[in-house]
Amino acid sequence: MSSTTRAWTVAASIGAVEALKDQGFCRWNYALRSLQQHAKNNIRSYSQAKKLSANSYSAVSEKMRNERLKKSEESLRTVMYLSCWGPN
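Residues numbered from 1 in each chain as written. Predicted model: local features only at pLDDT ≥ 70, side-chain atom pairs only at ≥ 80, totals over all residues. Heavy atoms only, no water.

*Asks:* Before we go on, may I ask you to explain the overall build of the chain in this structure?
*Replies:* Along the backbone of the chain there are two helices and zero strands. Considering the chain as a whole, with its 88 residues, one finds that 2% of them fall into the buried category. Only carbon and sulfur atoms are counted for the fraction: they give 63% of the accessible area of the chain, which is about 8400 Å². (Helix = DSSP H or I, 4+ residues; strand = E, 2+ residues; numbered from the N terminus. Buried < 20%, exposed > 50% of the residue type's maximum accessible area, 1.4 Å probe, protein only. Areas by Shrake-Rupley, 256 points an atom, 1.4 Å probe, with all protein chains shown as cover.)

*Asks:* Before we go on, may I ask you to explain the pattern of salt bridges in this structure?
*Replies:* Oppositely charged side chains are able to pair whenever their charged atoms sit close together. Evaluation of the coordinates by the stated rule reveals two salt bridges. The salt bridge partner of Glu62 is Arg65, with a shortest N-O separation of 3.1 Å. Placement of the pair is Glu62 and Arg65 together in helix H2 (residues 25-85), with a separation of three residues, close to one helical turn. Taking relative accessible area as the criterion, Glu62 reaches 37% and is therefore assigned partly exposed. Arg65 gets classed as partly exposed once you look at its relative accessible area, which sits at 45%. (Salt bridge = Lys/Arg side-chain N within 4 Å of Asp/Glu carboxyl O.)

*Asks:* In this structure, what is going on with a nonpolar patch on the surface? I would like to understand it.
*Replies:* A cluster of nonpolar side chains, Tyr81, Leu82 and Trp85, forms an exposed patch at the surface whose accessible area comes to about 430 Å². Within the element layout of this structure, Leu82 appears in helix H2. (Patch = residues over 30% accessible without salt bridge, like charges linked within 9 Å, V, L, I, M, F, W, Y side chains within 5 Å.)

The structure is reproduced here in structure tokens:
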């Protein structure tokens, strides 16, 4: 290949790249890659959050159950005290 042909090939390649840039092809390609990377990262964090939220939900429900149990025991204790020692 002669140097003139190589020069024309390089010039045509650069021109094609610049034309694609002007049409926004490179920007769309970047946007699509960025969107794909963002989705990949968020899906991973979503699945981790889902696992953590299941664990935290069980911990919160256990705590609420314990609080309800304590309230009902305290209420029963008050009723028993008043029934035994309260005014008649």
